[in-house]
Amino acid sequence: MKKTPFFLCSVLFIALFCLPISSFAEKIKVAGIYTQPIQQKWDATLHRALVALADEGEVEYVFSEKVSNTDYIRVLREYAESGVALIVGEAFGISRDVRKVAADYPEVAFLMGDTFGPSGNNLSVFDNYIHEPCYLMGMIAATMTKSNKIGMVGGYPIGEVNRLFNAFMAGARSINPEVEFKVSFIGSWYDPPKAKEFAYAQVEAGVDVMYAERAGVVDAAREKGIVAFGNVNDMNKEENGENVVVASALWHMEPAIGHAVKLVKAGEFKAEDYREWTMMAKGGASLTPYYEFEDKLPAEIKEKVAETAAAIKAGSFVVEIDDDEPKSTF
């Protein structure tokens, strides 16, 4: 029996009607507000996730970069009044003022980097909880040091950096309890020459493996002929780390921001702490491949790292979150 055009149209209508409502969801407008250039890797992580959503047709994305803290609230209010549905940004150092803005615009969803908790009904917070892959890197680092001295160069001794260093140290000690650490903070989020000088000083003190939390450390490691571990982005591929960077702890904001966008579209956004969305179990953090070091690392440590990573994702092994300032042990 030949199917009539009317029959075909009916089938098509039913099929379309049965599709999820999200299939017809309109784009929402999202704004990103960054205190650093979007090339700076912390802000680049947020920007990359939002660009991906825009490319997928999920959002219309606009952003402002290099917005100082003194100008941040003005820009935040301008975006809130422009009709955006979601604002992604940073509240570090201006948390109280950001909360006032969120309270003034209850119809706008805010997802802000912040060390304090969520606020009201529309301000959710996040931070980079990549301490779990940092623990895994520490395990590997402990097998690579010959001097039993590992160096770490970071930006500032604040929670989001401290927890990474402490996890790295804990991972190293789980393999080699005798390992010692040299900890330095450069007092800047981006000053490669200064980070490089601190790294030189650590090498002179006997360090032969480094955790490069800041840009500039990898260059020093290369010049001094030692290995390093990277932070936030893939420093082997993106920061001239070939044959120097063994692995990097990566931060992925796609799960967190994707979750926020989904809630906004469904009219279900609320004030939450997005911590779990930036951890390994939900895909918010990971460890890179070992690249040139794949065949140089002992099979035993690679197997141990893989087992620990699986346990972390399954929830049977918990890496402690320690935001206290780490101290040098030699």
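The rules behind these values
- Residues numbered from 1 in each chain as written.
- Predicted model: local features only at pLDDT ≥ 70, side-chain atom pairs only at ≥ 80, totals over all residues.
- Heavy atoms only, no water.
- Helix = DSSP H or I, 4+ residues; strand = E, 2+ residues; numbered from the N terminus.
- Buried < 20%, exposed > 50% of the residue type's maximum accessible area, 1.4 Å probe, protein only.
- Contact = heavy atoms within 4.5 Å.
- Areas by Shrake-Rupley, 256 points an atom, 1.4 Å probe, with all protein chains shown as cover.
- Lys, Arg positive; Asp, Glu negative; His and termini not counted.
- Charge placed at Lys NZ, Arg CZ, Asp CG, Glu CD.
- Salt bridge = Lys/Arg side-chain N within 4 Å of Asp/Glu carboxyl O.
- Pairing = 2+ DSSP bridges.
- Axes fitted to C-alpha atoms, helices over the stretch in contact; angles between N-to-C directions.
- pLDDT = per-residue confidence, 0-100.
- Parallel < 35°, antiparallel > 145°, perpendicular 65-115°, else oblique.
- Left-handed = near helix turned anticlockwise from the far one by under 90°.
- Nonpolar A, V, L, I, M, F, W, Y, C, P; charged D, E, K, R; others polar.
- Phe/Tyr/Trp six-rings, centres within 6.5 Å; stacked < 30°, edge-to-face > 60°.
- Expected span 1.5 Å × (residues − 1).
- Core = buried A, V, L, I, M, F, W, Y, C linked by side-chain atoms within 4.5 Å.

Looking now at the overall build of the protein chain. Check the secondary structure of the protein chain and you find 11 helices and 11 strands. Here the protein chain, with 330 residues, has 52% of them falling under the buried criterion. Sequence-distant contacts, at least 24 apart, represent 67% of the contacts inside the protein chain between residues at least 6 apart. Of the roughly 15400 Å² of accessible surface on the protein chain, a fraction of 54% belongs to carbon and sulfur atoms. Within the protein chain, one finds 33 positive and 47 negative side-chain charges whose respective centroids are separated by 2 Å.

In the structure shown here, the tally under the stated rule is 16 salt bridges. For Lys 327, the salt bridge is made with Glu 325, and the minimal N-O distance between the two is 3.6 Å. The class of Glu 325 is partly exposed, set by a relative accessible area of 38%. Among the ionic contacts, a cluster of salt bridges with common partners joins Asp 71, Arg 74 and Glu 78.

Right, let's get into the side chain of Asp 127. Residue placement: Asp 127 occurs in the loop between strand E5 (123-126) and helix H5 (131-144). Excluding residues within four positions of it along the chain, Asp 127 makes contact with Trp 42, Phe 92, Asp 114, Thr 115, Glu 160, Arg 163, Trp 251 and Thr 278.

The strand order across the open sheet formed by six strands is E7-E6-E8-E9-E10-E11, and the pairing between neighbours is mixed. The sheet is open, and its two edges are formed by strand E7 (180-185) and strand E11 (285-287), each paired on a single side. For this sheet the average axis-to-axis angle between neighbouring strands, irrespective of direction, equals 15 degrees. Here strand E6 (residues 149-154) runs beside E7; their pairing, made up of six bridges, is parallel. Along E7, the bridge assignment pairs Gly 154 with Phe 185. In this fold helix H7 (residues 192-204) packs onto E6, E7 and strand E8 (209-212), with an angle of close to 165 degrees to the strand it touches most, E6. Across the sheet, helix H8 (residues 217-224) lies against E6, E8, strand E9 (227-232) and strand E10 (245-251), angled at about 160 degrees from E8, the strand it touches most.

Another aspect to go through is the confidence of the model for the protein chain. Per-residue confidence for the protein chain gives a mean pLDDT of 93, with 92% of residues at or over 70. Under a pLDDT of 50 for its full length, residues 1-24 has, in the predicted model, three contacts with residues more than four places off or in other chains.

Time to look at the packing of H7 against H8. Running from N to C, H7 and H8 cross one another at 40 degrees; their axes reach a closest spacing of 8 Å. With respect to H8, the element H7 is oriented oblique. The interaxial crossing formed by H7 with H8 has right-handed handedness. Along the contact surface, H7 presents Ala 195, Lys 196, Ala 199, Tyr 200, Val 203 and Glu 204, while H8 presents Val 217, Asp 219, Ala 220, Glu 223 and Lys 224. Grouping the amino acids of the contact of H7 with H8 by side-chain chemistry returns six nonpolar, no polar and five charged.

Counting across every chain of the model gives 12 aromatic pairs. Centre to centre, the rings of Trp 42 and Phe 126 are 5.9 Å apart; their planes meet at 20 degrees, and the pair counts as stacked. One end of the pair, Trp 42, is in helix H2 (residues 41-55); the other, Phe 126, is in strand E5, with 84 residues separating them in the sequence. Comparing Trp 42 with Phe 126, the two get one shared label, buried. Ring plane angle 50 degrees and centroid distance 5.0 Å describe the contact between Trp 42 and Trp 251, whose orientation is recorded as tilted. With Trp 42 in helix H2 and Trp 251 in strand E10, this residue pair connects regions lying 209 residues apart in the sequence. Given a relative accessible area of 10%, Trp 42 falls into the buried group. Looking at Trp 251, the relative accessible area reads 0%, which means it is buried.

Our next topic: helix H11 (residues 299-314). An ideal rise of 1.5 Å per residue puts 22 Å on 16 residues; H11 measures up with 23 Å between its terminal C-alpha atoms. Those residues of H11 that fall on the buried side of the exposure criterion are Ile 301, Lys 302, Val 305, Thr 308, Ala 309, Ala 311 and Ile 312. Positioned one or two residues after H11, Gly 315 has a phi angle of 85 degrees, which is positive.

Counting residues in hydrophobic clusters, the biggest one holds 69 residues, and the most contacted among them are Leu 86, Ile 140, Met 144, Phe 229, Ile 257 and Tyr 274. It is H5 that contributes the most residues to this core, nine residues altogether. The contact partners of Ile 140, leaving out residues within four places of it in the chain, are Phe 229, Val 246, Leu 287, Tyr 290, Leu 297, Ile 301 and Val 305. Judged by nonpolar contacts, the second largest core, of 21 residues, contains Val 67, Val 98, Val 101 and Leu 123.

All right, on to unusual backbone geometry then. Its identity is not glycine, yet Asn 148 carries a phi of approximately 65 degrees, on the positive side. Here Asn 148 is to be found in the loop between H5 and E6.

The subject of this paragraph is the environment of Glu 294. Here Glu 294 is to be found in the loop between E11 and H11. A relative accessible area of 35% means that Glu 294 is categorised as partly exposed. Along the primary structure Glu 294 and Val 246 are separated by 48 residues, whereas in three dimensions their C-alpha atoms are 8.6 Å apart.

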